Amino acid sequence: MSIKITEKCINCGACEPECPNKAIYEGGKKWRMSDGTSLIKNKTLDPTIFQKPKKKDIYFIVSEKCTECVGFYNEPQCVIICPVQCCVPGNYEKKESLIVKKNFLHRNR
Ligand code: SF4
Ligand code: SF4
């Protein structure tokens, strides 16, 4: 699950442009696996399909896309920039799993 956003979020939007995986969305916005990634449609996956928002009123992180910034930065960028410290660890994922996720999202990097 990686990083998650708690109910303390004040909707400032500072975190969204910092995410290297485009895993952060404004509350109520639909999201896609293909946003900010190199995923393309194939026989088993259509990453261009819009998915339902995970939260309506506050920003949310798509756990399937969050790598805790592994592969890009040494620290989670949303955690660093959030002014109210509401980006917090979710379920634990091994670093190896986060690298696999990052390589899945960005095949050419
Ligand atoms: Fe995006 Fe990094 Fe925050 Fe995960 S930890 S949501 S990859 S900025
Ligand atoms: Fe919410 Fe923090 Fe992101 Fe601002 S930076 S939108 S308070 S999670």
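Before reading further, recall that the structure is shown in the block above.
The notes below deal with the structure included here. Note that the structure is a prediction, hence the values are computed from the model and not measured. (Residues numbered from 1 in each chain as written. Chains lettered and ligands numbered in written order. Predicted model: local features only at pLDDT ≥ 70, side-chain atom pairs only at ≥ 80, totals over all residues. Heavy atoms only, no water.)

Notes on the site of ligand 2
As a structural note, the neighbourhood of ligand 2 is formed by 13 residues, with Cys-9, Cys-12, Gly-13, Cys-15 and Cys-82 the closest of them. Of the residues assigned to the shell around ligand 2, the class counts are 11 nonpolar, 2 polar and no charged. (Near = heavy atom within 4 Å. Nonpolar A, V, L, I, M, F, W, Y, C, P; charged D, E, K, R; others polar.)

With respect to the site of ligand 1
Every residue close to ligand 1 is listed here: Ile-3, Cys-19, Pro-20, Asn-21, Ile-24, Ile-61, Cys-66, Thr-67, Glu-68, Cys-69, Pro-76 and Cys-78. The class makeup of the residues in the shell around ligand 1 is 9 nonpolar, 2 polar and 1 charged.

Let's talk about the environment of Lys-52
Mapped onto the elements, Lys-52 comes out in the loop between strand 2 (24-25) and strand 3 (60-61). You can call Lys-52 exposed: its relative accessible area is 71%. Once the C-alpha coordinates of Lys-52 and Phe-72 are considered, the two residues, 20 residues apart in sequence, prove to be 27 Å apart. (Helix = DSSP H or I, 4+ residues; strand = E, 2+ residues; numbered from the N terminus. Buried < 20%, exposed > 50% of the residue type's maximum accessible area, 1.4 Å probe, protein only.)

Section: the side chain of Lys-65
In this fold, Lys-65 is placed in the loop between strand 3 and helix 1 (77-81). Although Lys-65 is buried, it forms no salt bridge, and the closest oppositely charged side chain is Asp-35 at an N-O distance of 4.7 Å. A polar contact is formed between the side chain of Lys-65 and the backbone oxygen of Lys-22, at a distance of 2.9 Å. A polar contact of 2.9 Å, which involves the side chain of Lys-65, links it to the backbone oxygen of Arg-32. Not counting the four nearest positions on each side in its chain, Lys-65 is found in contact with Asn-21, Lys-22, Ala-23, Tyr-25, Trp-31, Arg-32, Met-33, Asp-35, Thr-37, Lys-101 and Leu-105. (Lys, Arg positive; Asp, Glu negative; His and termini not counted. Salt bridge = Lys/Arg side-chain N within 4 Å of Asp/Glu carboxyl O. Polar contact = N/O pair within 3.5 Å; in protein donor to acceptor, adjacent residues only side chain to side chain. Contact = heavy atoms within 4.5 Å.)

With respect to the pattern of salt bridges
Across all of its chains, the model carries 7 salt bridges by this definition. Lys-22 is paired through a salt bridge with Glu-16; the nearest N and O atoms lie 3.4 Å apart. Residue Glu-26 pairs with Lys-29 through a salt bridge whose shortest N-O separation is 3.0 Å. With a relative accessible area of 35%, Glu-26 lands in the partly exposed category. Overall, the relative accessible area of 43% leaves Lys-29 in the partly exposed class.

Describing the side chain of Gln-77
Position of Gln-77 relative to the elements: it lies in helix 1. A distance of 2.9 Å separates a polar side-chain atom of Gln-77 from the backbone oxygen of Glu-75. When residues no more than four places from it in sequence are discounted, the contact partners of Gln-77 are Glu-18 and Cys-69.

Focus: the environment of Val-62
Mapped onto the fold, Val-62 is located in the loop between strand 3 and helix 1. Sequence separation between Val-62 and Lys-43 is 19 residues; the distance between their C-alpha atoms is 23 Å. Sequence-distant contacts of Val-62, that is, excluding residues within four places in its chain, are made with Ala-23, Tyr-25, Trp-31 and Lys-54.

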